[in-house]
Amino acid sequence: MKNKKMQSRGNEVLDTYKIDITPDKSLYQKMGEGGHNFYECNAEFIDNSIDAMTRKQKDGKEQLRIDIVINAKKKFYSITDNGVGMDKKTAMLAATLGKSLKTQKDLGSFGFGLKSGAMSISDNFIVKTGMEENDYMTEVHYNHSEWTSNPNWTLPAKDLKKEIGEHGTSIIINKVTNIELNPRKTQYLKADIAKRYSSFIRKGSVKITVNGVIVIVEDIKWADGYPVNFSIPTKYGEITGKIGLMVESSQKGYYGFDMFRNGRMIVTNSKFAIGQHPTTARIAGEINLDFVKVSHQKNKFIVDSSEYETAEQACKESDVFKTILREAKKKSEEGDNKKENVVIDKFIEGNMPLIAQAVKDLEDTVLFNGAASKGKAIVKTKKGLLDFIKDFTTKKRKQYEKRDEPTEKKKREHVSQKGDLIEINNQTFHIKTEYIFDSNAGRKQKSFVDGVLTITINKAYAGFKATKDKNAYCLETVQDAIVEFIFKDDVVVIEKINECKESLVSLTQKYFEHFKDSVEFDFDNDSVAEEENVEHLKE
């Protein structure tokens, strides 16, 4: 049988009727399953409190106070403000899903915040609220089991007598059922509040306490000259905020912008307009996007909206963002350079005892004969340089191997002399390394002042940039400079100086290979056993 297509009957109406779209009562409870975490629940309550500031509080004549009390052991939670409060009619609206008398300029404007926040924390809660001019306060109770068993969409409420002049709202949860309370969450809550509501707290218009402790905003550690304020116009409205470079970069993602809408933080550590990259890891600041819409949970901007995309592009094209990105890249490169210098310095320092020992051993050989003392030229060895070193080190290795096998304890012992010291002709001096980046300079520079031989390595030199092993390159540069210093007062042909450089490099490497598996170098320990190890190398 062939399938027949449904045929249209034109405008003929067969029947008319109404569809009942009354929501299921489970919807109320499902509001608590919408993905709010504990900190976002608190934010919903605080939003409502700030929206409910009295006229005097808005004018700065009085301060809005919000007090949060948490007892993790008793599973108790409450939040109380001294805002304008609600009358009976407004309290009824506050308990109704989706009902709100607020505008888009208010922090809470969707009609879900109180309900979804409270039910995310517990199946049962109480709202108490009253206005200054009334002699009563309204108390509304929500109990999940009673609510689901009742066929009507009603909640129990009552009016309580209060003193004229009292005003504000409290949300009380006597038994937290849906989240885990602990001291760590209480501590994190203070930090979260300080971030989200920093603009209100800094202005002094709002005072928030958690278990009696006042929430304080901690300022970012800015680099000199930062932050700077900015204002960027768009067709939808003005983007305002501040931007700057932190003293230290963060490789854990703790950089970027706290993004605000109407003074309330929506997201933190956003990489808005700067991207996530190690070179931007010093950039931080605050951005106000009052004209961009947010989700009903108020934990993200609608990033696909024309308003958001326009704002981000405007920031990318602004001079202030371009300048910050250039400075951040420059600082990042300087930071990477400093880290690299530290690594190289540690490598050189670790090898200095070996270099010192090699210099001392070579000083009395025919290679170094007369250098820096008698002013004589180097006498050519009868054996070739490689044969000389081979014979020189093989003899020491054989002598060392004739010794009894060291115990495990001796293997961990060290032999010693300060890592940055060199002794030549009974004169001891310090070695210091510095770094420059000069495309017009040579491989290295050296100077000797007050017993310190300063060796400056040029990182712009072609050899440095081309080598894969920066540590070995810089170590060899230091060794070259030491040999040149040894012969600084002698008239010696360049070939002989180069021969000595090669000798020092080779002997240092031989010592390294000899010692690396048997004993560590720490030329500060004076124990007899350790001195014997060195003496056997010298013999």
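Our subject is the structure that appears above.
Residues numbered from 1 in each chain as written. Predicted model: local features only at pLDDT ≥ 70, side-chain atom pairs only at ≥ 80, totals over all residues. Heavy atoms only, no water.

Thoughts on the overall build of the protein
Basically, it comes down to this: Helix and strand assignments come from DSSP, with helices taken as H or I runs of at least 4 residues and strands as E runs of at least 2, each series counted from the N terminus. Computed by Shrake-Rupley with a 1.4 Å probe, the accessible areas treat only the displayed protein chains as cover when residues are assessed.
A count of helices and strands for the protein gives 16 helices and 19 strands. Carbon and sulfur atoms form 50% of the exposed surface of the protein, whose accessible area is close to 30700 Å².

A few points about unusual backbone geometry
Tyr226 connects to Pro227 through a cis peptide bond whose omega is 5 degrees. Looking at the secondary structure, you find Pro227 in the loop between strand 8 (213-214) and strand 9 (228-233). Of note, Asn262 is a non-glycine position whose phi angle comes to about 55 degrees, a positive value. You can see Asn262 is positioned in the loop between strand 11 (256-261) and strand 12 (264-270). Residues other than glycine seldom take positive phi values, yet Ala273 does so here, at roughly 70 degrees. Mapping Ala273 onto the fold places it in the loop between strand 12 and strand 13 (283-288).

Some thoughts on the pattern of salt bridges
The condition that has to hold: The salt bridge definition used is simple: a Lys or Arg side-chain nitrogen within 4 Å of an Asp or Glu carboxyl oxygen. Residue burial is assigned from relative accessible area. The probe radius is 1.4 Å, only protein chains are included, and a residue is buried under 20% of its type maximum, exposed over 50%, and partly exposed in between.
Enumeration according to the criterion identifies 16 salt bridges in this entry. Close ionic contact of Glu340 with Lys459 constitutes a salt bridge, the shortest N to O distance being 2.5 Å. Pair noted here: Glu340 is in helix 10 (residues 319-363) and Lys459 is in the loop between strand 18 (452-458) and helix 13 (462-466), with a separation of 119 residues, a long-range link. Glu340 gets classed as partly exposed once you look at its relative accessible area, which sits at 28%. Residue classification places Lys459 among the buried residues on the basis of a relative accessible area of 3%. Taken together, the shared-partner salt bridges connect Lys444, Lys446, Glu484 and Lys501 into one network.

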